[in-house]
Amino acid sequence: MLARNLSETLQRLENAASNAGRPVPRLLAVSKTQPAEAVAALAAAGQRAFGENYVQEAASKVRDLVELSLEWHLIGHLQSNKAEAAANLFDWVQTVDRPKLVAALARYRDAQRGPLNVLLQVNIDDEASKHGCRPEQLDALAAAVAAEPRLLLRGLMAIPAPHADLALRRDAFRRMKALYDGLAACYPQVDTLSMGMSDDYPLAVAEGATMVRIGTALFGARKRRESEEPGLGTGDSGQGTGDP
Ligand SMILES: *Cc1c(COP(=O)(O)O)cnc(C)c1O
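The present account deals with the structure reproduced in this document. Here the structure is a predicted model, which is why all the values come from computation and not from measurement.

### A few points about the overall build of the protein
For the protein, the count of helices and strands is nine helices and eight strands. By the compact-globule yardstick of 18 Å for 244 residues, the protein fits well, its C-alpha radius of gyration being 17 Å. Counting only C-alpha atoms and orienting by the principal axes, one finds that the protein spans roughly 45 × 40 × 35 Å. Put simply, the protein shows about 10700 Å² of open surface, and 53% of that area lies on carbon and sulfur atoms. Considering the protein, the positive charge centre built from 28 side chains and the negative charge centre built from 30 side chains are found 1 Å apart.

Here it is, written out as structure tokens:
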């Protein structure tokens, strides 16, 4: 089942990219709430990159699956007091949105390892309930990351508001692409625009996403967890991810 979901999703990604005349984006499999066995099954089908929302939940999966050498991305909000754990657990942190976090991740990233890949999260629809920096704050934040040798600035990430009107979502993806192009013009190592989830990724690909984050379409529907109650703010709660 998982192998088939993966091949169908990869096929849809390819179709969306070729329809738009764009390169095929990378697929990040979002494995929050899924057991390590499900991650292992998808890895056996060829998937290498996985996204998690919670540091503690990710830590146990990374430990269980260490011999698979998977690539782990943090895509949930990161509290500063968890930065030390996150800095060496993950290969990528996609949710950097404030200077304090930049300093903490740089401080704790193990010098024996390569630099931590960083995406700056943008609150593109200016929603009060969401994390992410404002577009006006991007330049200063990018400069802060670029100044840290233990961090590597790779690009931007966004979770647009879940408008039922797809034209509004498309507009948010388009504004993200413009911000991304501006950043890439300043920093040659910037190569990643992470946007698009199960219910809107073809639209994100059409507007220039280079990485899509997909959970439900690969693993099936998630069970709601206590910690996903809106307002607790450690993962994707209140982030408009379309969780039931
Ligand atoms: C849960 C989540 C996803 C995946 O959402 P699906 O709708 O299951 O594809 C993507 N990005 C973030 C930040 C998430 O929290």
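Still to come is the rest of the account.
### Details of the environment of Met195
Relative to the helices and strands, Met195 resides in the loop between β7 (192–194) and α8 (201–206). What makes Met195 buried here is its relative accessible area of 0%. Spatially, the C-alpha atom of Met195 lies 25 Å from that of Ser69, the residues being 126 residues apart in sequence.

### Let's talk about unusual backbone geometry
Look at Thr33: it is not a glycine, yet its phi comes out positive at around 70°. Positionally, Thr33 belongs in the loop between β1 (26–30) and α2 (36–44). Residue Thr33 is classed as partly exposed on the basis of its relative accessible area, which comes to 25%. Despite not being glycine, Ser69 has its phi angle at roughly 50°, a positive value. In this fold, Ser69 is placed in the loop between α3 (55–64) and β3 (71–74).

### Quick word on the packing of aromatic side chains
Throughout the structure, instances matching the rule amount to one aromatic pair. Ring centres of Phe50 and Trp72 lie 5.8 Å apart, and the angle between their planes is 40°; on these two criteria the pair is classed as tilted. Here Phe50 is found in strand β2 (residues 49–52), whereas its partner Trp72 is found in strand β3, with 22 residues between them in sequence. A single burial state applies to Phe50 and to Trp72, both of which are buried.

### Observations regarding the pattern of salt bridges
By the definition in use, this model includes 17 salt bridges. As a salt-bridge pair, Arg134 and Glu136 come within 3.0 Å of each other at their nearest N and O atoms. Under the relative-accessibility criterion, Arg134 is labelled partly exposed at 40%. Overall, the relative accessible area of 58% leaves Glu136 in the exposed class. Where Lys177 meets Asp181, a salt bridge forms, and the shortest distance between an N and an O atom there is 3.0 Å. Residue Lys177 and its partner Asp181 are both found in helix α7 (residues 166–186); the two are separated by four residues, about one turn of the helix. Residue Asp181 is classed as partly exposed on the basis of its relative accessible area, which comes to 37%. Taken together, the salt bridges that share partners define one network made up of Glu52, Glu57 and Lys61.

Basis of the calculations
- Residues numbered from 1 in each chain as written.
- Predicted model: local features only at pLDDT ≥ 70, side-chain atom pairs only at ≥ 80, totals over all residues.
- Heavy atoms only, no water.
- Helix = DSSP H or I, 4+ residues; strand = E, 2+ residues; numbered from the N terminus.
- Rg over C-alpha atoms; globule rule 2.2 N^0.38 Å.
- Areas by Shrake-Rupley, 256 points an atom, 1.4 Å probe, with all protein chains shown as cover.
- Lys, Arg positive; Asp, Glu negative; His and termini not counted.
- Charge placed at Lys NZ, Arg CZ, Asp CG, Glu CD.
- Buried < 20%, exposed > 50% of the residue type's maximum accessible area, 1.4 Å probe, protein only.
- Phe/Tyr/Trp six-rings, centres within 6.5 Å; stacked < 30°, edge-to-face > 60°.
- Salt bridge = Lys/Arg side-chain N within 4 Å of Asp/Glu carboxyl O.

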